[in-house]
Amino acid sequence: MRFLSEINSPADLRQLKVEDLQEVADEVRQFIIDTCSRVGGHTGASLGAVELAVAMHYVFDTPNDRLVWDVGHQAYAHKILTGRRDELHTIKQYNGLSGFLRRDESEYDTFGAGHASTSLSAALGMAVARDQKGEDFNVVALIGDSSLAGGMAMEAINQAGHLKSRMIVVLNDNEMSIAPAVGALSRYLNRIKEAQSYHHIKEEIGDALESVPGIGGSLRRAAKSVKDAIAAAVLPGALVSELGFKYIGYVDGHNVPMLVRALEEAKKIDDGPVIVHALTTKGKGFPNPEKNYYAYHATGPFDPNTGLPYKSSKVAPPAYTQVFGETMCELMAKDESIVTITAAMPDGTGVDKVLEKFPKRSFDVGIAEQHAVTFCAGMACEGIKPVAAIYSTFLQRGFDQVIHDVCLQNLNVTFAMDRAGIVGADGPTHHGLLDISYLRGYPNMILMAPKDEAEMRDMLLTAIEHPGPAALRYPRGNGLGVDISNAPEKLEVGRGEILREGEDVAIIALGSMVQPSLEAAGRLEADDVAPTVVNARFVKPLDEELIVEIAKTHRLIITVEEAYLAGGFGSAVMELLEANGLQDSVRVVRMGVPDRIVTHGDAQLLLAKYGLDADGIYQQTLNSLKELPARKVAGKPLRAVK
Ligand SMILES: Cc1ncc(C[n+]2csc(CCOP(=O)(O)OP(=O)(O)O)c2C)c(N)n1
């Protein structure tokens, strides 16, 4: 590597000549491929933004000039150029670099991200603060074409155009989200590109016609009027200029000298916001990218020659995501009123299968979770049964819509929340730890969590058939490998399930925590402790009868959930006991995630850190039993064990 090994900060990069930058970009690209082929990561997204990162750090005086990356998943080149090259191999691992951007990781990460469409609002805030303080630096936001369509980005454009603040938006347009980009804005961007190619062609034709002796001038004028008509209809004028933005583009986003020129031009504009429209190819340089467009957005380790993932010899049970997609197809085949919605995550949620099989009854709305929820509410008003498959963390975006549009009107919308719990490598922005607390506080909603993939199928049917709002949360990763050949069955709403009956302690577990609780119970039994284990199934409504009965017959209740404790399932159990005057008759210990930001890293390791595995539950139960005052409550039989 001629240049890269000497670049330890953007200041080093800025010592180079423009002519050398393309080679720097090539070296960065190779470095990303080498590293990601070993450790995985957001490979394709980052490969598409290599030249952009080089050009931006070259033209702008970072970190004094503020560079704000949207999502931050595509910023590996930025990390490499800002002193983190030698740590890139630790990305997304425990104690390693974050997969996204974090203010506490580097002074070059001016704004933390992980969720999409935030960059323009943050950049505008910085620009306004700069002006208020009388300071002088550039603010540059980089955003992808799909994230640009997110509601927040549109709201920021609206205000930026109004304020006429000086800021630069670099649009990284690769026509892709994780799946191909969808929506009218994406079509509009394509029309800009088409119109501009037409513009360039006309320019060339015009020049040629001009040279025809005698008639050249009039032919050229005719050609120009056609060109102007088309330009007026589709050039950025309509959207961008009318909204108060200047437009530079489009630019080949893989040509560093051209990008440098465009950014230099943008820097000169001091009377308002400007968009630099760069065309890029997602996965640029990734071996065989056309094999599967999902595969290189984010990859595991892969063979750097073929781009193919290394085959695992382990036969794993199907993932919850897969079971969800297949179950939706089964249920939609039987009931024509069911539709499925994803917000730009067809692959991640299993909705890709549904889109394939039922293209007219399934919708990818783009990165637009808020819209997705209210879109579902509208359909539910007309008797359709929508199922919104949205990761727990991304449904946070649609919180008010869930409350105001769905729950308040008691509409039949199902929320299938994948990635509920600790997701692992993607870290704090992606853990789904809040859904219990944000969904259980409002009337009408019912909320459940399956102990395995078969129960998830039952819960999906239960939710769809429930006449009001219903949500189910299930974890990232594989199911337990249980039999899923039976048709889904409706569950009784608000009924838990006793899995084993004892008398010394009752472990009431939710969803993913049921299996480790059973394992812990097995070990407790070997220690002469007789535990009751309950699969809670419902967070809301709780199985009041069962929990009250348990409280009256046990001295100790341990609740276990893969979620934040504040406002969570255990809190709901305590509220129920208090409402029944039982708060002093039984000791309740809540296990879950404390009031801390959970970092990134291997999910199992993180779960263990918070005691949320068989060993942790076993230890906590023993400790809590030891701390109990010596008092015995006469046990009486519970409902029959199923
Ligand atoms: C609110 C939110 N919804 C969904 C996602 C998941 N997500 C991460 S990257 C991405 C695609 C972004 O596409 P684009 O903005 O065009 O950038 P590209 O990856 O193509 O560079 C999506 C949907 C997210 N991070 N945040």
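Here, the structure is the one placed above.
All values reported here derive from a predicted model rather than from experimental measurement.

Before going further, it helps to examine the sheet that holds strand β16 (residues 556-564). The 5 strands are arranged β12-β14-β13-β16-β17 in an open sheet whose pairing can be described as mixed. Because the sheet does not close on itself, it has two edges, and the strands there are β12 (497-500) and β17 (587-593). In this sheet, neighbouring strand axes are inclined to one another by 25° on average, regardless of whether the strands run parallel or antiparallel. Of the strand pairs in this sheet, β16 and β17 are connected by 6 bridges, and their pairing is parallel. What sits directly across from Tyr564, in β17, is Val593. Sheet strands in contact with helix α23 (residues 569-579) are β13 (505-509), β16 and β17, and its direction is about 140° off that of β16. Packed onto the sheet, helix α25 (residues 614-627) meets β13, β16 and β17 and runs at close to 145° relative to β16.

Turning our attention to the nonpolar core. Note that soluble globular proteins tend to have their nonpolar side chains buried in a common cluster. Formed by 54 residues in total, the largest nonpolar core has its most connected members in Leu13, Val28, Ile32, Met56 and Trp69. In contact with Met56, not counting residues within four places along its chain, are Leu67, Trp69, Val140, Leu142, Val170 and Leu263. By size, the runner-up hydrophobic cluster in this structure holds 51 residues, among which are Ala380, Phe569, Leu577 and Val586.

Over its 14 residues, helix α6 (residues 119-132) runs 20 Å from end to end, which matches the ideal 20 Å to within 8%, given 1.5 Å per residue. For α6, every residue scored as buried is listed here: Ser119, Leu120, Ala122, Ala123, Leu124, Met126, Ala127 and Arg130. Close packing links the buried residues of α6 with β1 (66-69), β2 (139-144), α7 (145-148), α8 (151-163) and β3 (168-173). One or two residues past the end of α6 sits Gly134, with phi positive at roughly 70°.

Here we come to the packing of aromatic side chains. Tallied over the entire structure, the rule returns 7 aromatic pairs. Taken together, a centroid distance of 6.2 Å and an interplanar angle of 25° make the contact between Phe324 and Tyr474 stacked. With Phe324 in helix α13 (residues 320-334) and Tyr474 in the loop between β11 (470-473) and β12, this pair connects stretches of sequence that are 150 residues apart. Ring geometry for Phe363 versus Phe375: centroids 5.4 Å apart, planes at 90°, classification edge-to-face. Within this pair, whereas Phe363 is found in strand β7 (residues 362-364), its partner Phe375 is found in helix α16 (residues 369-381), the two being separated by 12 residues in sequence. For Phe363, a relative accessible area of 29% puts it in the partly exposed group. Connected via pairs of aromatic rings, a cluster forms that spans Phe286, Tyr296 and Phe302.

Rules of the game
- Residues numbered from 1 in each chain as written.
- Predicted model: local features only at pLDDT ≥ 70, side-chain atom pairs only at ≥ 80, totals over all residues.
- Heavy atoms only, no water.
- Pairing = 2+ DSSP bridges.
- Helix = DSSP H or I, 4+ residues; strand = E, 2+ residues; numbered from the N terminus.
- Axes fitted to C-alpha atoms, helices over the stretch in contact; angles between N-to-C directions.
- Contact = heavy atoms within 4.5 Å.
- Core = buried A, V, L, I, M, F, W, Y, C linked by side-chain atoms within 4.5 Å.
- Buried < 20%, exposed > 50% of the residue type's maximum accessible area, 1.4 Å probe, protein only.
- Expected span 1.5 Å × (residues − 1).
- Phe/Tyr/Trp six-rings, centres within 6.5 Å; stacked < 30°, edge-to-face > 60°.

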